[in-house]
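Take a look at the letters that make up each chain.
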Amino acid sequence: MLLGATTPDALFEAVSESNLQDGLIPRLDLWVGEDFPEPAGFNPRRQLPGTVLDFAGRYLDIGADQLPPAERPPRRLKYSNRAANQFAEYQRYCTQMQQEALAGGDVWTRSARKAATFAILHAMSRNPDCKQIDDDAMHWGIEIQRHLTQHLAQYLGKWCASTSFDRRQKQLLRKVGKNGGWMSASQLTRSSQHMRPRER
């Protein structure tokens, strides 16, 4: 799992439908914050779960040169029966969304796999030595990934375009949205200068 920070507008300016079809975008999750968030203090030792702090502390204490060898085989976690049923149901949901979505349906291709990853993170954060993913962890992973995938599909609907006219049209619609959902005739004229006269 890789984490990165970017400006969403700059990211989607560079995105095309080919990135959706070749599998790049379906591999991403987009976490969008507020435009002008209130500053807030953060004390990790007070707000992170104790099990996470203990687990991280073990590695900080022994030093980087004594970390376990990279060739150690990964641990395999099993699903509980209820978690497996939840995952299978979400896989069917993702397939249905992929088939029925008018735009951005391809973002659902990897949503189930990412939900399983979130379930593992949830289970391991509660107990680093756990051997099974239970239904609570799977439910958490599925619901957060469902939200993220829906959010990503909405963003793609506003940005991804198949033609140059479609791109200019969506650019104008985004400007209207940022202006509160409406514009006067003069504002609309100024905002549509990038469009050809016949396209307005």
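What counts as what
Residues numbered from 1 in each chain as written. Predicted model: local features only at pLDDT ≥ 70, side-chain atom pairs only at ≥ 80, totals over all residues. Heavy atoms only, no water. Helix = DSSP H or I, 4+ residues; strand = E, 2+ residues; numbered from the N terminus. Buried < 20%, exposed > 50% of the residue type's maximum accessible area, 1.4 Å probe, protein only. Contact = heavy atoms within 4.5 Å. Areas by Shrake-Rupley, 256 points an atom, 1.4 Å probe, with all protein chains shown as cover. Core = buried A, V, L, I, M, F, W, Y, C linked by side-chain atoms within 4.5 Å. pLDDT = per-residue confidence, 0-100. Phe/Tyr/Trp six-rings, centres within 6.5 Å; stacked < 30°, edge-to-face > 60°. Expected span 1.5 Å × (residues − 1). Polar contact = N/O pair within 3.5 Å; in protein donor to acceptor, adjacent residues only side chain to side chain. Salt bridge = Lys/Arg side-chain N within 4 Å of Asp/Glu carboxyl O. Axes fitted to C-alpha atoms, helices over the stretch in contact; angles between N-to-C directions. Parallel < 35°, antiparallel > 145°, perpendicular 65-115°, else oblique. Left-handed = near helix turned anticlockwise from the far one by under 90°. Nonpolar A, V, L, I, M, F, W, Y, C, P; charged D, E, K, R; others polar.

## Description of the overall build of the protein chain
Secondary structure assignment for the protein chain yields 9 helices and 2 strands. For the protein chain, with 200 residues in total, the buried portion stands at 30%. Put simply, 64% of the contacts in the protein chain that link residues at least 6 apart link residues at least 24 apart. Of the accessible surface of the protein chain, which amounts to about 14100 Å², a share of 53% is contributed by carbon and sulfur atoms.

## Overview of the nonpolar core
Counting residues in hydrophobic clusters, the biggest one holds 25 residues, and the most contacted among them are Phe12, Tyr90, Val107, Met138, Leu152 and Leu156. Listed by contribution, the elements that provide at least two residues to this core are helix 5 (81-100), helix 6 (111-126) and helix 7 (135-159). Top contributing element to this core by residue count: helix 7, with 7 residues.

## A few points about the environment of Tyr79
With respect to the helices and strands, the residue Tyr79 is situated in strand 1 (residues 78-79). Looking at Tyr79, the relative accessible area reads 32%, which means it is partly exposed. When the C-alpha positions of Tyr79 and Ile133 are compared, they lie 4.8 Å apart, and in sequence the two are 54 residues distant.

## Quick look at the confidence of the model for the protein chain
The predicted model of the protein chain averages 75 in pLDDT, with 54% of residues at 70 or higher. Mean pLDDT per element in the protein chain: helix 3 (residues 44-47) is the minimum at 57, and helix 5 is the maximum at 93.

## Quick look at the packing of aromatic side chains
Overall, the coordinates contain 4 aromatic pairs when judged by the stated rule. Seen from their ring centres, Tyr93 and Trp108 are 5.5 Å apart, and the 85° between their planes marks the pair as edge-to-face. Highlighted residues: Tyr93 in helix 5 and Trp108 in the loop between helix 5 and helix 6, separated in sequence by 15 residues. The partly exposed category is assigned to Tyr93, whose relative accessible area is 24%. By relative accessible area, Trp108 is classed as buried at 3%. Ring geometry for Phe118 and Trp140: centres 6.1 Å apart, planes at 80°, overall edge-to-face. With Phe118 in helix 6 and Trp140 in helix 7, the pair connects residues that are 22 residues apart, well separated along the chain.

## Examining the side chain of Thr149
Considering the arrangement of structural elements, one finds Thr149 in helix 7. You can call Thr149 buried: its relative accessible area is 1%. When neighbours within four sequence positions are excluded, Thr149 is seen to be in contact with Tyr90, Val107, Trp108 and Ser111.

## Structural notes on helix 6
In this model, helix 6 (16 residues) spans 23 Å end to end at C-alpha, consistent with the 22 Å of a helix rising 1.5 Å per residue. Those residues of helix 6 not exposed but buried are Ser111, Ala112, Lys114, Ala115, Ala116, Phe118, Ala119, His122 and Ala123.

## Details of the environment of Ser111
By secondary structure assignment, the location of Ser111 is in helix 6. In the structure, Ser111 is positioned 39 residues away from Gln150 in sequence and 9.9 Å away in space, judged by C-alpha atoms. For Ser111, the residues in contact, after removing those within four places along its chain, are Tyr90, Cys94, Gln145 and Thr149. At a separation of 2.8 Å, a polar atom in the side chain of Ser111 contacts the side chain of Thr149.

## Section: the pattern of salt bridges
Opposite charge on two side chains makes pairing possible when the charged atoms of those side chains draw close. Tallying each qualifying case throughout the model produces 4 salt bridges. For the salt bridge of Asp29 with Lys114, the shortest nitrogen-to-oxygen distance reads 3.3 Å. On the criterion of sequence distance, the pair formed by Asp29 in the loop between helix 2 (17-21) and helix 3 and Lys114 in helix 6 is long-range, its members being 85 residues apart. Overall, the relative accessible area of 12% leaves Lys114 in the buried class.

## With respect to the packing of helix 5 against helix 6
Two elements in contact, helix 5 and helix 6, have axes whose closest approach is 9 Å; the angle formed by their N-to-C orientations is 150°. Classed by the angle they form, the pair helix 5 and helix 6 counts as roughly antiparallel. At the point where helix 5 passes helix 6, the crossing takes the right-handed sense. From helix 5, Phe87, Tyr90, Gln91 and Cys94 reach across to helix 6, where they touch Ser111, Ala112, Ala115 and Ala116. Class assignment of the residues belonging to the contact of helix 5 with helix 6 gives a composition of 6 nonpolar, 2 polar and no charged.

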